[in-house]
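The primary structure of each chain is shown beneath.
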Amino acid sequence: MFQLNHKTEITINGIPVQWIPKIELYYPDLPQFPIMYIHTQINNNRLVACPVSVSYEIIQDKCNAKFFVFTNLEPTTEVLDKIKDEIENRIGFSNPNNKQTVIDCCKGNSEFINILTDLWQCIEKSYGPSIPYGRFYEEMFSIPRFVAAWQAKTGRQVK
């Protein structure tokens with residue numbers, strides 16, 4: 001068992017302000033169950049880290065997100081860089097998923113490209129040219145589910 005007895009702050013500058021509602025650290029329906037946690041290795045040492053809160057400084061149409069993180073390793077520069085890299089990837093800040101990412105996953109299928117191009121118009125109006133997710137979880141199905149859950153007519157949808 002790893003004890004998360006070190007604390008640190010990680011700041012990511014220049015996040016689109018419209019992403020704020022989608023940067024979630026915990027499942028709302030499962031208290032104290034983290035959505036975002038880090039489990040990797042650095043120099044044969046296992047790094048376990050968990051962002052426990054995030055605050056924002058809004059600067060025009062961007063914001064700086066300050067993540068308060070607990071970790072099992074001393075927060076050296078190498079550890080901090082790894083945690084920051086992982087968080088940036090999880091929220092889609094580095095290696096963003098954009099319309100071309102979606103089209104590429106269709107592998108030339110024009111029907112899928114047409115459907116996802118139409119769905120992308122809804123996404124782009126709210127989130128801009130890329131989405132606040134670092135990777136496709138189910139490739140094709142995550143984008144339609146994202147849009148469907150975005151403005152559900154019957155309230156929050158849990159699957």
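**What to know about the overall build of the chain**
Line of reasoning, step 1. Scanning the chain from N- to C-terminus turns up four helices and six strands.
Line of reasoning, step 2. When the helices and strands of the chain are read in sequence order from the N terminus, they spell out β-β-β-β-α-β-α-α-β-α.
Line of reasoning, step 3. Split into buried and exposed, the 159 residues of the chain put 35% on the buried side.
Line of reasoning, step 4. When the accessible surface of the chain is totalled, it reaches about 10100 Å², and 51% of it is carbon and sulfur.

**A closer look at the nonpolar core**
Line of reasoning, step 1. By size, the foremost hydrophobic cluster in this structure holds 29 residues, and its most contacted members are Ile15, Phe67, Ile83 and Ile87.
Line of reasoning, step 2. Elements with a contribution of two residues or more to this core: strand 1 (6-16), strand 2 (38-42), strand 3 (45-59), strand 4 (62-71), helix 1 (77-90), helix 2 (99-105) and helix 3 (110-127).
Line of reasoning, step 3. If sequence neighbours within four positions are ignored, Ile15 has contacts with Ile23, Asp61, Lys62, Cys63, Ala65, Ile91 and Phe93.

**Brief notes about the pairing of strand 4**
The two faces of the sheet receive side chains in turn, since in a regular strand these alternate between them.
Line of reasoning, step 1. Of the strand pairs in this sheet, strand 1 and strand 4 are connected by nine bridges, and their pairing is antiparallel. Within strand 4, the position partnered with Pro16 by the bridge is Lys62.
Line of reasoning, step 2. Sheet topology places strand 3 next to strand 4; ten bridges connect them, and they run antiparallel. The residue of strand 4 that forms the bridge with Ala49 is Thr71.
Line of reasoning, step 3. Between strand 3 and the antiparallel strand that follows it, strand 4, lie two residues; Gln60 among them carries a positive phi value of about 60°.

**Re the confidence of the model for the chain**
Predicted coordinates in areas of low pLDDT are best not read in detail.
Line of reasoning, step 1. Residues with a pLDDT of 70 or more make up 84% of the chain, whose mean pLDDT is 84.
Line of reasoning, step 2. Predicted confidence for residues 137-141 stays below pLDDT 50, and this span has six contacts to residues more than four positions away or in other chains.

**With respect to the side chain of Thr71**
Line of reasoning, step 1. Take Thr71: it is sitting in strand 4.
Line of reasoning, step 2. There is a polar contact of 3.2 Å between the side chain of Thr71 and the backbone oxygen of Val48.

**Looking at the pairing of strand 3**
Line of reasoning, step 1. Inspection of the sheet shows strand 2 paired to strand 3 by five bridges, in the antiparallel sense. Its bridge partner being in strand 3, Ile42 is matched across the sheet by Asn45.
Line of reasoning, step 2. Where strand 2 folds back onto strand 3 in an antiparallel hairpin, the turn is made up of two residues, including Asn43, whose phi is positive at roughly 50°.

**Focus: unusual backbone geometry**
Line of reasoning, step 1. Even without being glycine, Gln60 reaches a positive phi, approximately 60°.
Line of reasoning, step 2. The residue Gln60 is located in the loop between strand 3 and strand 4 in this model.
Line of reasoning, step 3. One non-glycine residue, Lys107, lies in positive phi territory at about 50°.
Line of reasoning, step 4. For Lys107, the position within the fold is in the loop between helix 2 and helix 3.

Reading guide: rules and limits
Residues numbered from 1 in each chain as written. Predicted model: local features only at pLDDT ≥ 70, side-chain atom pairs only at ≥ 80, totals over all residues. Heavy atoms only, no water. Helix = DSSP H or I, 4+ residues; strand = E, 2+ residues; numbered from the N terminus. Buried < 20%, exposed > 50% of the residue type's maximum accessible area, 1.4 Å probe, protein only. Areas by Shrake-Rupley, 256 points an atom, 1.4 Å probe, with all protein chains shown as cover. Core = buried A, V, L, I, M, F, W, Y, C linked by side-chain atoms within 4.5 Å. Contact = heavy atoms within 4.5 Å. Pairing = 2+ DSSP bridges. pLDDT = per-residue confidence, 0-100. Polar contact = N/O pair within 3.5 Å; in protein donor to acceptor, adjacent residues only side chain to side chain.

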